[in-house]
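# Structural overview
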Amino acid sequence: MKRILGAITVLSFAMVAVSSSADAQQMGGTRSVNFGIAAGASFPTGTYGDFYDAGFNVMGTLGMQPAAMPLGLRFDLAYNNLGAKVGKDLKVISGTANAVLTTSNMSGVKPYVIGGIGLYNAKSSGDGETKFGLNAGGGIEFVLSGFNTYVEARYHSVFTEGDNLNYIPLVFGIKF
């Protein structure tokens, strides 16, 4: 847990440092480096849906999107809490590296697809278990003055023993 809190602290400082240089790199209304926050609901799927109810998600992001390029990179640090039907809630802390492909730029609306790999620490009681996983999904980003907002849904599959842990967070976020 101390390493996770340390990683969150380092990521927070990195986001603040990058945000000050992001203004200097702004080109054509799109920042090449951005950071953001997001929150929303998480929905367990598959076997885990039998044991857990919908919960919530909070996420911090650090993104890099070269000007005039459709492909970018985004790092996410997220916390998901899925409510238990019986017993303790399932808490999932994840760090993911993702490719982001922006499909078009229609008058300030940018649909995109996102997918990547990550480390996931899942815990419902006792010690957590850290495993690799994959995620894929999509969203729509709305370009505003000075910041952007987005709505996104992704499918996460964590490679646990037996049935994989699968869940879908649906989030609303802000990028600076």
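Not measured: the values here are computed from a predicted model.

Before going further, it helps to spend a moment on the side chain of Thr-102. By the element assignment, Thr-102 lies in strand β4 (residues 90-102). Contact partners of Thr-102, with chain neighbours within four places excluded, come to Gln-65, Pro-70, Lys-110, Pro-111 and Tyr-112.

Our next topic: the packing of aromatic side chains. Per the stated rule, a full pass over the model turns up 3 aromatic pairs. For the ring pair Phe-35 and Phe-176, a centre distance of 5.5 Å and an interplane angle of 35° mean the geometry is tilted. Taken together, the residues span a long stretch of sequence, with Phe-35 in strand β1 (residues 33-45) and Phe-176 in the segment after β8 (165-175) at a distance of 141 residues. With relative accessibility at 17%, the residue Phe-35 sits in the buried group. Under the relative-accessibility criterion, Phe-176 is labelled partly exposed at 35%. The interplanar angle of 50° and the centroid separation of 5.9 Å between the aromatic rings of Phe-56 and Tyr-79 together place this pair among those described as tilted. Separated by 23 residues along the polypeptide, Phe-56 in strand β2 (residues 52-64) and Tyr-79 in strand β3 (residues 71-84) bring together distant segments of the chain.

Right, let's get into the environment of Ile-174. Secondary-structure assignment places Ile-174 in strand β8. Judged by its relative accessible area of 26%, Ile-174 falls in the partly exposed class. Residues Ile-174 and Phe-147, 27 residues apart in the sequence, show an inter-C-alpha distance of 7.0 Å. Look past the residues within four positions of Ile-174 in its chain and what remains in contact with it is Phe-35, Gly-36, Ile-37, Phe-147, Asn-148, Thr-149 and Tyr-150.

A few words on the confidence of the model for the chain. Looking at the chain, pLDDT values average 86 and 82% of them are 70 or higher. Per-residue pLDDT stays below 50 along residues 11-29; that stretch engages in 17 contacts with residues further than four places along the chain or on separate chains.

Within the secondary structure, Phe-51 is located in helix α2 (residues 48-51). On the accessibility criterion, Phe-51 (49% relative accessible area) is partly exposed. Between the alpha carbons of Phe-51 and Ala-84 there is a distance of 6.2 Å; along the sequence they are 33 residues apart. Setting aside anything within four residues of it in sequence, one finds Phe-51 in contact with Gly-83, Ala-84, Lys-85 and Val-86.

What counts, and where the lines are drawn
- Residues numbered from 1 in each chain as written.
- Predicted model: local features only at pLDDT ≥ 70, side-chain atom pairs only at ≥ 80, totals over all residues.
- Heavy atoms only, no water.
- Helix = DSSP H or I, 4+ residues; strand = E, 2+ residues; numbered from the N terminus.
- Contact = heavy atoms within 4.5 Å.
- Phe/Tyr/Trp six-rings, centres within 6.5 Å; stacked < 30°, edge-to-face > 60°.
- Buried < 20%, exposed > 50% of the residue type's maximum accessible area, 1.4 Å probe, protein only.
- pLDDT = per-residue confidence, 0-100.

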